[in-house]
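So you can see what is in the structure, the chains are spelled out below.
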Amino acid sequence: MQELKNLMRKLGIVGAGGAGFPSYAKLAEGADLLLINGAECEPLLATDYILLRDELDLVLQGVLEVINKTSIKKAYIAVKAHNAERLGWEDGEKLADGVFARALPDVYPLGDEISLIYEATGRLIKPGKLPITEGVIVYNVETMYNLGRGIRYNEPVTKKWLTIGGEVKNPVVIKVPLGAKIADIFEKLNVEVKEGYTVIDGGPSMGKVINPRTYAVNKTTKGILILPDNSQAILSKKTNEVLATKRAETACCQCTRCTDMCPRHLLGYPLEPHKMVRTAMGVVEAMPDMVISATLCCGCGVCESLACNQGISPKAVIDNYKKLLSKNRLRFDKNGEYSVKEEREYRMLPYKKWMSALGVSVFDRDTDFYGEINDFERVEMTLSRHIGIPSIPAIKDGDIVEKGDLIANAGDGLSLPQHASISGRATLGNDKIIIDKVR
Ligand code: SF4
Ligand code: SF4
């Protein structure tokens with residue numbers, strides 16, 4: 001296993017869709033099941049679907065490498081039922097030795113690791129614990145593609161697949177060098193951001209608002225969407241957590257709908273957003289331990305964008321509590337017996353209903369692969385986009401680098417190296433390396 005860990009680290013592979021956790025660090029003894037997350041739960045994103053459709057061979061090469069180099073003997077590639085149908089996969093179909101298709105219901109949220117593992121395997125991860133405690137390792141589709149590609153072509157990660165969608169003529173999936181500016185991509189695709197629209201990195205549920213003029217593609221960028229400012233998807237991202245907390249203290253009628261619909265609560269987790277909004281911030285500041293279960297929230301936004309009729313955002317309140325808990329280095333670590341609620345089965349949220357709640361159904365259109373775009377004059381590689389210690393520049397200011405060259409070493413501890421995504425002259429900036437093409 002150590003050999004595989006070293007390889008994943010050398011290739012610079014991070015979880016391609018999540019928070020940027022270095023993938024090598026997820027490999028651990030005791031796993032018997034590998035689960036590939038192709039749920040692509042966020043509306044309007046099609047990156048994983050296109051990778052599975054067009055690059056399955058490389059994805060499977062990565063999956064088989066993990067199976068062959070660890071104690072894991074079985075892998076599932078999990079996709080939503082509508083994508084399984086488009087891929088021509090039956091639930092349980094063998095895709096390679098030890099690798100099987102898993103068709104998930106078309107509900108939100110299943111990209112969340114805890115919900116995904118339960119739905120695909122029936123194993124329930126106890127609150128506050130990691131998937132490895134139940135013998136599961138979860139990787140994203142593109143993570144396996146990057147491993148397969150790294151092995152076949154001996155190349156580190158220098159490119160990213162991502163969806164460009166929302167208010168565009170034709171939504172597409174593209175492949176671009178890491179560090180490409182979003183404004184440059186828009187220019188090459190003739191995409192214009194109109195007045196009254198906002199650009200986000202990620203899906204409409206959990207993506208983050210970005211400035212396309214300054215923001216560059218990084219290893220976790222799954223999609224860039226342009227959405228109307230008046231859609232619930234964008235309004236929810238502009239919620240002020242402090243004001244939301246004050247509003248919740250006065251306007252909540254304690255109907256409990258937010259708790260009844262909370263996916264983590266339905267899995268039996270001791271998370272009750274209606275109680276969170278009732279707890280006064282002043283009291284929480286004095287006794288942060290009171291809201292420790294806030295750390296069990298996956299941030300799906302169901303309580304905010306669908307459940308509450310009073311315009312309250314339990315999620316924003318909980319985000320506020322999470323910051324306080326993180327400052328105090330507190331996280332949920334209580335042992336106990338937990339079981340999935342019976343009502344979960346009929347309270348799961350249909351995917352289309354969720355799109356409608358976010359106000360983005362109109363942008364749900366067929367998305368195809370546009371191709372690879374390579375002709376960028378400049379890229380900006382951030383040194384701290386993965387979780388852990390930032391990479392350390394391995395070149396000097398002004399050096400000429402070739403595509404694929406090592407430009408930053410992994411720092412001590414949890415960290416990753418970085419490689420040039422285009423050839424050119426490097427400039428060392430604050431927390432980034434800029435590469436300009438030389439004419
Ligand atoms: S965002 Fe709301 S609904 Fe989603 S897990 Fe957190 S508390 Fe539950
Ligand atoms: S759904 Fe809204 S009003 Fe009802 S308990 Fe939750 S926050 Fe309060």
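Residues numbered from 1 in each chain as written. Chains lettered and ligands numbered in written order. Predicted model: local features only at pLDDT ≥ 70, side-chain atom pairs only at ≥ 80, totals over all residues.

Caption draft 1: The site of ligand 2, seen in detail. Taken together, 14 residues sit near ligand 2, with Cys252, Cys255, Cys258, His274 and Cys308 positioned nearest. The set of elements that each furnish at least two residues to the shell around ligand 2 consists of helix H10 (257-261) and helix H12 (273-278). Here the residues of the shell around ligand 2 are counted per class, giving 9 nonpolar, 4 polar and 1 charged. (Near = placed C-beta within 6 Å. Helix = DSSP H or I, 4+ residues; strand = E, 2+ residues; numbered from the N terminus. Nonpolar A, V, L, I, M, F, W, Y, C, P; charged D, E, K, R; others polar.)

Caption draft 2: Quick look at the sheet that holds strand S14 (residues 378-382). One open sheet accounts for 4 strands, arranged S14-S20-S19-S16; its pairing is antiparallel. A single partner strand is all that each edge strand has here, and the edge strands are S14 and strand S16 (400-401). Here S16 runs beside strand S19 (residues 424-429); their pairing, made up of 2 bridges, is antiparallel. Looking at S19, one finds that valine 401 is bridged to glycine 424. (Pairing = 2+ DSSP bridges.)

Caption draft 3: Representation of the pairing of S19 in the model. For S19 and strand S20 (residues 432-436), the ladder comprises 5 bridges, and the chain directions are antiparallel. Across the sheet, leucine 428 pairs through a bridge with isoleucine 433, a residue of S20. Counting the residues between successive antiparallel strands, the hairpin from S19 to S20 contains 2 residues, one of them, aspartate 431, with a positive phi of roughly 65 degrees.

Caption draft 4: A look at helix H17 (residues 351-358). Those residues of H17 that sit buried are Tyr351, Trp354, Met355, Ala357 and Leu358. Along the axis of H17, the buried positions cluster into a sector of 160 degrees, meaning they face one direction only. Positive backbone phi, approximately 75 degrees, marks glycine 359, located one or two places after H17. (Buried ≥ 20, exposed ≤ 12 C-beta atoms within 10 Å, placed from the backbone. Arc of directions from axis to C-beta.)

Caption draft 5: Broad picture of unusual backbone geometry. A cis amide bond links tyrosine 108 with the next residue in sequence, proline 109, at an omega value of -5 degrees. Assignment of secondary structure puts proline 109 in the loop between strand S5 (107-108) and helix H5 (113-121). A positive phi angle, close to 75 degrees, is found at leucine 44, a residue other than glycine. The residue leucine 44 is located in the loop between strand S1 (33-38) and helix H2 (47-54) in this model. Overall, leucine 44 belongs to the buried group, with 25 C-beta atoms counted inside 10 Å.

Caption draft 6: Local environment of the environment of alanine 248. Here alanine 248 is to be found in helix H9 (residues 241-251). Exposure remark for alanine 248: the 26 C-beta atoms within 10 Å place this residue in the buried category. For alanine 248 and glycine 311, which are 63 residues apart along the polypeptide, the C-alpha to C-alpha distance reads 8.9 Å. Sequence-distant contacts of alanine 248, defined by excluding residues within four places in its chain, comprise Val277, Ile312 and Val317. (Contact = placed C-beta atoms within 7 Å.)

Caption draft 7: How the structure looks around the environment of valine 362. Structurally, valine 362 is set in the loop between H17 and strand S13 (368-372). What makes valine 362 exposed here is the crowd of 12 C-beta atoms within 10 Å. The spatial distance from the C-alpha of valine 362 to the C-alpha of glutamate 167 is 9.2 Å, given a sequence separation of 195 residues.

Caption draft 8: Spotlight on the packing of H9 against helix H15 (residues 314-327). In the contact formed by H9 and H15, the axes pass within 8 Å of each other and the chain directions differ by 115 degrees. With respect to the hand of their crossing, H9 and H15 are arranged in left-handed fashion. Contacts between H9 and H15 involve Glu241, Val242, Ala244, Thr245 and Ala248 from the first element and Ala316, Val317, Asp319 and Asn320 from the second. Across the contact of H9 with H15, the residue classes tally to 5 nonpolar, 2 polar and 2 charged. (Axes fitted to C-alpha atoms, helices over the stretch in contact; angles between N-to-C directions. Left-handed = near helix turned anticlockwise from the far one by under 90°.)

Caption draft 9: Just the sheet that holds strand S3 (residues 94-96), in detail. Read from one edge of the open sheet, 5 strands run S3-S4-S2-S1-S6, paired in mixed fashion. Each edge of the open sheet is held by one strand with a lone partner, namely S3 and strand S6 (136-140). Adjacent strand axes in the sheet meet at a mean angle of 30 degrees when their direction is disregarded. Alignment of S1 against S6, held across 5 bridges, turns out to be parallel. Counterpart to asparagine 37 in the pairing with S6 is asparagine 140. Against the sheet, helix H3 (residues 56-69) makes contact with S1, strand S2 (74-80), S3 and strand S4 (99-104), and its axis sits at roughly 160 degrees relative to S1, the strand it touches most.

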